[in-house]
Amino acid sequence: MGSDDRFPVRRIYCVGRNYVDHIREMKEGDERDLPFFFQKPTDALVESGGTVPYPPETSDLQYEGELVVAIGAPGESLPLDQATEIVFGYAAGIDLTRRDLQRDAVRASRPWEMGKSFDHSAPCGPITPAEDVPDIATGELQLLLNGERRQATNFSLMIWKVPEIIYHLSRQYRLEPGDLIYTGTPAGVGPTIAGDSVAVSISGLAPVEVTIR
């Protein structure tokens, strides 16, 4: 996976607050809210096996394990029952977050970019074609920090499932081949320090693992 001829990445979209347990642990938002989206720069991608420099201006770099949807065809204002027709495949991802900066932004009613959209903040594993993933809707995710499980979920617990995410996002942006969508994280997020290994596995997909340095 990467921004080359294997899957030329165009944009990275992310869904905020898509699991009830994560909303409750963060004490932010309302679990009845419509989905909202933010973006990360394309060059924030880090392939599995890579290293992530501990970023500047933070003392609280946190992991968030996520399912990533790779878009393979254009789509705009898609009907819900056609939303997944533009999906090329799926991958395991990590949304790295400068949590202290994100919380500062929330308190000031400012955008999340300074907490979310920074260099090396979007590790992503190899993409598995959608036809090779029998039922992503009930897939399971787990995140390991230095080999210890910190996050675990089933995608049936998403507030907004993959078709609904694409349905809503395609009303705000014209989706194009090469777009990635990070679909939100469950409860269990936490801090990392230099030397940590962060790994996400999803049933039926190749894992992603990076080292913080």
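Everything that follows concerns the structure shown earlier in this document.
Residues numbered from 1 in each chain as written. Predicted model: local features only at pLDDT ≥ 70, side-chain atom pairs only at ≥ 80, totals over all residues. Heavy atoms only, no water.

Draft legend 1. Region of interest: the packing of aromatic side chains. Evaluated as defined, the whole model comprises 4 aromatic pairs. Ring centres of Tyr13 and Tyr173 lie 5.0 Å apart, and the angle between their planes is 45°; this geometry places the pair in the tilted category. Highlighted residues: Tyr13 in strand β1 (residues 12-16) and Tyr173 in the loop between α4 (162-172) and β13 (180-182), separated in sequence by 160 residues. Using a relative accessible area of 28% as the deciding quantity, one classes Tyr173 as partly exposed. Arranged with centres 5.6 Å apart and planes meeting at 50°, the rings of Phe38 and Trp112 form a pair that is tilted. You can see Phe38 sitting in strand β2 (residues 36-40) and its partner Trp112 sitting in the loop between α2 (99-107) and α3 (113-116), a full 74 residues away along the chain. (Phe/Tyr/Trp six-rings, centres within 6.5 Å; stacked < 30°, edge-to-face > 60°. Helix = DSSP H or I, 4+ residues; strand = E, 2+ residues; numbered from the N terminus. Buried < 20%, exposed > 50% of the residue type's maximum accessible area, 1.4 Å probe, protein only.)

Draft legend 2. Seen up close, the sheet that holds strand β5 (residues 61-63). Taken together, the 3 strands give an open sheet; going across it, the order is β8-β5-β14, and neighbouring strands pair in antiparallel fashion. Two strands close off the open sheet at either side, each with one partner strand: β8 (97-98) and β14 (190-191). Pairing between β5 and β8: 2 bridges, direction antiparallel. Each residue of the ladder has a partner; that of Gln62, found in β8, is Thr97. (Pairing = 2+ DSSP bridges.)

Draft legend 3. Highlighting the sheet that holds strand β15 (residues 197-202). The mixed open sheet is built from 5 strands, whose spatial order is β4-β16-β15-β11-β12. Here the strands that pair on one side only, and so sit at the sheet edges, are β4 (51-52) and β12 (148-154). Relative to strand β16 (residues 208-212), β4 runs parallel, the two being bridged by 2 bridges. By the bridge assignment for β16, Thr51 is matched with Thr211.

Draft legend 4. Representation of the pairing of β16 within the structure. The alternating pattern of β16 places Val208, Val210 and Ile212 on a buried face and Glu209 and Thr211 on a face that is not buried. Summarising the sheet, β15 and β16 pair through 4 bridges and their orientation is antiparallel. The partner of Ser197 across the bridge, within β16, is Thr211. Linking β15 to β16, which pair antiparallel, is a turn of 5 residues; within it Gly204 sits at a positive phi near 85°.

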